[in-house]
Amino acid sequence: MKCYLSGMNLISRTLEIDADTDARLREIASERGKDIATVLAEAVALLDSVIDVSSPDLAEDRSRYDDFKRTGLAVPLDDVKAWVASWDSADELPSPQPRKVK
């Protein structure tokens, strides 16, 4: 993985994060032998490569939200978390299906 900080014009920024996020950042940095700034730069680069925040599909979001309001069907976040946590296990769960939610 390339170093995202070399050759950059560095600035100092103060961020407020919760203790769990701070602990995870320190853990990731330690595991990779990098500093936290590099871990954050790489995370932002990865996010930028996956999500196009410059042109969100608001029409698609609106359509899905309108469908939810009409039907009340959704996949609860806890169902998704349990499904993802089961990946690569002997008891892998099937993908969660939409159901009526409040």
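For the structure itself, look to the data block above.
Residues numbered from 1 in each chain as written. Predicted model: local features only at pLDDT ≥ 70, side-chain atom pairs only at ≥ 80, totals over all residues. Heavy atoms only, no water.

Novice: Help me out: how do you make sense of the side chain of E42 in this one?
Specialist: As for its position among the elements, E42 is in helix 2 (residues 36–50). Classification of E42 by relative accessible area gives buried; the value is 10%. (Helix = DSSP H or I, 4+ residues; strand = E, 2+ residues; numbered from the N terminus. Buried < 20%, exposed > 50% of the residue type's maximum accessible area, 1.4 Å probe, protein only.)

Novice: Honestly, the pattern of salt bridges in this entry has me stumped. Any pointers?
Specialist: Side chains that differ in charge, positive against negative, can pair when their charged atoms come close. Enumeration over the complete set of coordinates arrives at eight salt bridges. Between E42 and K34 there is a salt bridge, with the nearest N and O atoms lying 2.7 Å from each other. Across the pair D66 and K69 runs a salt bridge, and its minimum N-O distance is 3.8 Å. On the criterion of helical spacing, the pair formed by D66 and K69 is a turn pair, its members being three residues apart in helix 3 (residues 58–71). D66 sits in the partly exposed class, given a relative accessible area of 33%. (Salt bridge = Lys/Arg side-chain N within 4 Å of Asp/Glu carboxyl O.)

Novice: Would you explain the environment of E60 in this entry?
Specialist: Topologically, E60 is positioned in helix 3. E60 sits in the partly exposed class, given a relative accessible area of 32%. Within the structure, the side chain of E60 is placed 2.5 Å from the side chain of R64, a separation counted as a polar contact. (Polar contact = N/O pair within 3.5 Å; in protein donor to acceptor, adjacent residues only side chain to side chain.)

Novice: Would you explain helix 3 in this entry?
Specialist: One turn of the α-helix equals 3.6 residues, which is why residues spaced by three or four share an orientation. With 14 residues, helix 3 should reach 20 Å at 1.5 Å per residue; the first-to-last C-alpha distance of 20 Å fits that figure. Remark: G72 follows helix 3 within two positions and exhibits a positive phi of approximately 75 degrees. (Expected span 1.5 Å × (residues − 1).)

Novice: Help me out: how do you make sense of the packing of helix 1 (residues 19–32) against helix 2 in this one?
Specialist: How two helices sit against one another is set out by the angle between their axes and by the gap between those axes. Between helix 1 and helix 2, the least distance of the axes is 9 Å, while the angle of their chain directions is 100 degrees. One element, helix 1, and the other, helix 2, form an angle in the roughly perpendicular class. On helix 2, the residues touching L25, R26, I28 and A29 of helix 1 are I36, V39 and L40. The class makeup of the residues in the contact of helix 1 with helix 2 is six nonpolar, no polar and one charged. (Axes fitted to C-alpha atoms, helices over the stretch in contact; angles between N-to-C directions. Parallel < 35°, antiparallel > 145°, perpendicular 65-115°, else oblique. Contact = heavy atoms within 4.5 Å. Nonpolar A, V, L, I, M, F, W, Y, C, P; charged D, E, K, R; others polar.)

Novice: Just to check I follow, could you spell out the packing of aromatic side chains for this structure?
Specialist: Describing an aromatic ring pair means giving the distance of the ring centres and the angle of the ring planes. Evaluation of the coordinates by the stated rule reveals one aromatic pair. With a centroid separation of 5.1 Å and an interplanar angle of 90 degrees, the aromatic rings of W83 and W87 are classed as edge-to-face. Under the relative-accessibility criterion, W83 is labelled partly exposed at 24%. Classification of W87 as partly exposed rests on a relative accessible area of 41%. (Phe/Tyr/Trp six-rings, centres within 6.5 Å; stacked < 30°, edge-to-face > 60°.)

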